[in-house]
Amino acid sequence: MAQRAQPINGRAGVVAGTIVVASVCLAFLGIVLRAEPGAGLGPADWQAIRFTVVQATLSALISVALSVPLARALARRQMPGRQVLITLLGAPFILPVIVAVLGLLAVFGRNGWVNDTLGTLGLPGISIYGLHGVVLAHVFFNLPLATRLLLQGWQSIPAERFRLAAQLDLPPSMVFRTLEWPMLQRILPGAVALIFVICLTSFAVALTLGGGPKATTIELAIYQAFRFDFDLSRAALLSVIQLILAGGAALIALWIIPQLPLTGGMDRPVQRWDARGGGQRLLDGLVILLGSAFLLLPLASVAVSGTLGLPQVPASVWAAAGVSLWVAGLSVLVLLALALPLAGWIAIRARGSAEAIGLIGLSASPLMIGTGWFILINPVMDPVRLSLPVTAVVNALMALPFALRILVPGIREALASHGRLCLALNVNGWPAWRWLILPRCLPQIGFAAGLTGALSIGDLGVIALFADPDRTTLPLQMYRLMGAYQTEAAAGAALILLLMALGIFWICDKGARRYAEA
Amino acid sequence: MLKLKGVEIRQGAFSLAASFTVERGRRVAVIGPSGAGKSTILGALGGFIPLAKGRVYWDDAEISTLSPGARPVSMLFQDNNLFPHLTVYQNVGLGVRPNLKLTPYEIESAHNAIQRVGLDGMAERRPAELSGGQQSRASLARVLVQKEPIVLLDEPFAALGPALRQEMLDLVRELVDEIEATLLMVTHAPGDVARIADDVIFVEGGQALAPAPAAELLQNPPPALQAYLGS
Amino acid sequence: MRRTLIAAGILLASQAGADTPVLTVYAGDYFTSEWGPGPIIEAEFEKFCDCDLQWSTGDLLPRLLLEGERTKADVVIGLTSDVTAKARATELFAPHGQDNSALTLPIEWTDDTFLPFNYGHTAFIYNETTMDAPPASFDALLDLPDDVKIVIQDPRTSISGLALVLWVQALYGDKSAEVWEKLSDNILTVTKDWSASYGLFTDGEADMVLSYTTSPAYHMIAEEDFTKKAAIFPEGHYFMVETVAKIADTEQSELADKFMAYVMSREFQTIIPTANWSLPSALPQSDWPEAWAQLPLPEKVLFYSETEAADLQAQAIETWRNALSQ
C-alpha cells in the first residue's frame, strides 16, 4: 500500500529522535575521549554479565508466569472494589526502588512479617538475600506490569466467544484451551521480553538484596568502574555491552511487545458463564488474595513505619521534596517534548522500527550518560549548575520507551479515525496536533506523564555524581538520613516519597482523563 | 465545471476508469453495486486516493495535484465527520480556519450556519450530546461555512432512518443551492436519486459512466442498471 | 525574559556587594547535611576567617578526576586513605603545611599532602540485648554458628568494606581465602555502602554489622542507648582515616592555609568527634569530650601504607570475591 497522506509530518519526530540518539552517543564519546586504555574486562565483569542475564531471565519468566493466574482471576471475577484493587496492584511498578526495598525487607526480611509468622508456627524461615531476593524484588516490581498486559489480553477476547463457550457448555479447561491459550500465546512473549529488558538494566535492587559479589549486575559494575576505580575505558566497555544486550533484546522484542494498555483492566469485566463452580471461585479468590498480599503488604509496611517516623522528619526533607517535584516536572516536560513528536513520526510510518530509538534511553546506563555529559560540559561551565536539568533529561530518556508504547497507538487511532477529516479541512501540521492529536490523546499523555513523573521522583540516579548541596532531591536526602543514623526519619521520608510517586501518577493520569471526559 | 480526463484508479487488482464532465451547479448521484467503486471515485476527487492515470480539472485549473485541503471541495464521509472532543462551534469553525483563530465576522458566520441547519442553542455541545440527525446537521453547517464549489457526500446519512435521511437530503439540497455548489453524492436508494439528483453517474464493471439525466435514466435504465435496481 | 534580566541584575548586585573572599571546599555528600559536621565547621570557621566558606558536595575523587585542573575546589576534605594514592597522582594538591608531629594517631603519619582530621577503626557492632555471646576475637567470629548473621560492605564501593578486606589480609595473609569461606555462611548480604548495612542492623535484619569502633558513641550520646557495642578483638583492628588537602593552584591560598591550621586547632578537634562520630586526629585522649574517653578502643592497630595497600588491594578484593562467589 502506498504511504497514506497524513495531516502531520515526521520532521519534528526526526529532530527529537536525533536529539535522543545524540545525547547518548555524545555522552559515550565524551567518556571514550577521556578514557585511557585499561585492562579490559576482568572475571568479575564477566560474572556480572552472566548474573545480569540469569536474573533478568528468571525475573521475566516468573513475573509473567505468576501474572497468568492473577490476571485470569481478576478477569473473570466481579467483586466490589475490583477497580480500586487493580489500580493499587499497579503501584509497585512506579515505586521508588529504595522505598520498595524497605517494604520488601519488612515483609520478607529476617525480622519480617513472613518469618515472624513462620517462626511462631515453628517453621524454618526464608531468606530474601541472594539471587532469589533480587528475583523476588523484580517480580514485585514487574508483576503489576505483566498483570496489566494480560488483563488487557483477556479483555480483548470478545464476550460473544464466552457466550458461545457457555452455549456449548465447555468445561473451564476447554475454555482455556480454545479461548484463553491462543490469546496468551500472542501476549506472553512480548511481556516476557519487555520485563527482561527492564530487569537487565536494574541496579539498585541488587545493591541490598544481592547478598554478595556474585549478585553484581552490569549496571552495578559500571557504577563501580565510574565511581570507585575511575576506569573510564572499562565503564565504557561495560556500557556498550549493556547497550548491546538490552538494546538487542529490546529490538528483537519490539516486534512482539504488546502495547501498554491504557485502560488495562479498568473496563467492566466480561460477563462469564464458565468458572462458576465453587472450586474455581475458591481458587480465583485465593489467587487474588495471595497476589494482593504480595503486592500490597510491602506498601502497607512502608506506610506503617513511615507514619511512625513522620514526626522525626526534618524540614530539609520537605525542601528536598520540593526539589524532587521540580525535577519530576522538568522530566515530564522533557519527556513530552521528545516523546510526542517521536510518537507522531512513528505513528505515521508504515513500520514501527523507529520505536527502537526510544529503547536506546532505557538500554543506556544513566550513569554513563551523566558522566559523559559532565565531561562534555566541564570545559564550558560548572556541571553542578546543570545537575538538575541533566537529571531531568536522563529520567526522560529512561521513560521514553514506555511513553512511546503508550502514545503511538493513541496517535495511530486518532489519525485513523479523523486524519482524513483533518486533511479535508486543511487542518495540517500544528493545528492537527492542537485540534486532533493532543485532545484525542490526552488520556495517553496523562498516563505517560504520570509514569515519567513517578519514575523520576524516586530516581537516585545521576544526581549523586554531582549534587548541589542546596538542591538535594528527596531520594538523596532519604539516603543521607540513612547515612546519619536517622533510620526513623528515613522511614518517614520513604513514606513521603511513596505518596509523592503515587500522587504524581494519580494526578496526571486521572486529571488528564477527567479533563478529556469533561 | 468538473472534468475528469482519462482518469484511472488502481488499488491492487481493482481498477476503475472515469472520463466525464459535470456542469457547475448540478446535483449528481453516484450509484452502482457494492464494491463497484462509488466511494473510490469520491475519494479520488477529494484527494485521498491517488490517480494512476489522468487528470481532474475544476474549470480550467488542474486540481488532481493538490492536497485534499487545498482542493475546492468539501466532503462528508460515512462516519467520523466530527471531532468528538470538540464542540459543534469548534467543529464548524475548523471549516473556516484550520487554526480556529476566527475574526468576529467569521465567528458570527459560524454561528449563523449552526442556526441555519437548525442547531440553535447547541453550539457548545459535543457530538456525543447530539442525536444522529443533529450530528449530520452539524457537519452540514460546516459544509456551509466552507463554501467550496464542490460538495462530495459519501453516504454520510447511511445510518439514519428513512424519514430522517429524507429530511437531510432536503437540507442538503437547500444548502448546495445557497452556496451554488456542485454536488456529487453516493447512494444506494433510487428514492434518494429521485428526490435530489439532476444527473446520475452509474459505476459498474470497472467504469464510471458519464452522467445522464436522472429522470430519463430511471425510467429507461440500460440492462446493467436494471439488473442493479432489480424489478 | 524581563524577569530573568531582573533576577540576573539582583544576582550581580549581590555578588558585587559581597567582597568577602570565598573558600570552596569539596566534601563528601554526607558531610554537609544537617547531621554532618559541615554546618558547625562552617559557622565556627567563618567567625574568624573573614570569608565565606562554601561547601560543594559529591563524589570526591571521581569529581576531581573529571574536573582536573578546572576544579573549583580550594580545599578537599574527606579523602580516605584508600584513595589518597589516586588523588596524589592527579598532582592537583599542595603540601598541607602543618606539623605532622602534632597528630595523636595510633600510627605514625608522615604524609605531607594529606592531613588526617579524624580516624576510627573497623569493628563489628552488635546489640548486647539480642546477642549474649559476642565473639571475643576474630578467630571466634569465624566460628560463629551459621544463624548469626553479619552485614558487610562491598570493598569495591565502600571504604569500610575495603578496610575489612585489608584487615583480613593483615591478620591472615595467604589464608584469607579460607577465612572468607568460613565467614561466608554468616554473611547475610553485602551492601554498596555503609548506611545501607547499618540500616539493616538497626532494623534487626542482621545481628552484627561491619562499622566503626566509634559507632556506639553515636547511640550513647545522641540516643542514650547503651546497648550497641563494638566487638573488640585482641588481634587488632584496621585503622581508617579521613584527610583534608589543599589544591595547589588555588586562588585562595592563604585562606586554604588558614583552614588547614583550623583543622589542627583544639577547637576543631573537640568539635569533630560528636559532629562526625569519629576520633580526633590531633587531640590527646585525655582531652577528648566526655563519653568519648570511655569508648572501648582496640589496643592493637593494623594499617597498610598507601603503597602497600595499592600492591595488596586488587589481590585481596579478588580473593574476597572468589570466596563469596562460590
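Described below are features of the structure shown in this document. Since the structure is predicted, the reported quantities are computational estimates derived from the model, not experimental observations. (Residues numbered from 1 in each chain as written. Chains lettered and ligands numbered in written order. Predicted model: local features only at pLDDT ≥ 70, side-chain atom pairs only at ≥ 80, totals over all residues. Heavy atoms only, no water.)

## Section: unusual backbone geometry
Where we set the bar: Here's how the labels work: a residue is buried when its accessible area is under 20% of the maximum for its type, exposed when over 50%, partly exposed in between, all with a 1.4 Å probe on protein chains only. Secondary structure elements are defined from DSSP: runs of H or I of at least 4 residues count as helices, runs of E of at least 2 residues count as strands, and each element is numbered from the N terminus.
One non-glycine residue with positive phi stands out, namely Asp59 of chain B, at about 55 degrees. By relative accessible area, Asp59 of chain B is classed as partly exposed at 30%. One non-glycine residue, Glu91 of chain C, lies in the positive phi region at around 55 degrees. Checked against the element boundaries, Glu91 of chain C lands in the loop between helix H4 (84-89) and strand S4 (93-94). The exposure class of Glu91 of chain C is exposed, given its relative accessible area of 70%.

## Thoughts on the arrangement of the chains
For clarity, the cut-off: Working rule for contacts: check all heavy atoms of both residues, and any pair within 4.5 Å makes them a contact.
Ranked by contact count, the leading pair among the two pairs of chains in contact consists of chains A and C. At no point do chain B and chain C touch; the closest pair of C-alpha atoms across them sits 26 Å apart.

## A look at the packing of aromatic side chains
The line we're drawing: Classification of ring pairs uses Phe, Tyr and Trp, with its six-membered ring standing for Trp, and accepts pairs whose centres are within 6.5 Å; under 30 degrees between planes counts as stacked, over 60 as edge-to-face, and the remaining range as tilted. For a Lys NZ or an Arg CZ to count as sitting over a ring, it must be within 6 Å of the ring centre and within 35 degrees of the ring normal.
Tallied over the full model, the rule gives 34 aromatic pairs over all chains. Relative to Trp167 of chain C, the ring of Phe124 of chain C has its centre 5.8 Å away and its plane inclined at 25 degrees; by these criteria the two rings are stacked. Remark: Trp167 of chain C occurs in helix H6 (residues 159-172) and Phe124 of chain C occurs in strand S5 (residues 115-127); sequence separation between them is 43 residues. Trp167 of chain C shares its class with Phe124 of chain C; the two are buried. Taken together, a centroid distance of 5.7 Å and an interplanar angle of 65 degrees make the contact between Phe138 of chain C and Tyr172 of chain C edge-to-face. Placement of Phe138 of chain C in helix H5 (residues 138-142) and of Tyr172 of chain C in helix H6 is noted, with a sequence separation of 34 residues between them. Owing to a relative accessible area of 18%, Tyr172 of chain C belongs among the buried residues under this scheme. Joined through ring pairs, the aromatic side chains of Phe31, Phe45, Phe48, Trp55, Phe117, Phe259, Tyr262 and Phe268 of chain C make up one cluster. Positioned above the aromatic ring of Trp435 of chain A, the side-chain terminus of Arg434 of chain A is 4.0 Å from the ring centre. Above the ring of Tyr26 of chain C, the side-chain terminus of Arg63 of chain C is found at 4.0 Å from the ring centroid.

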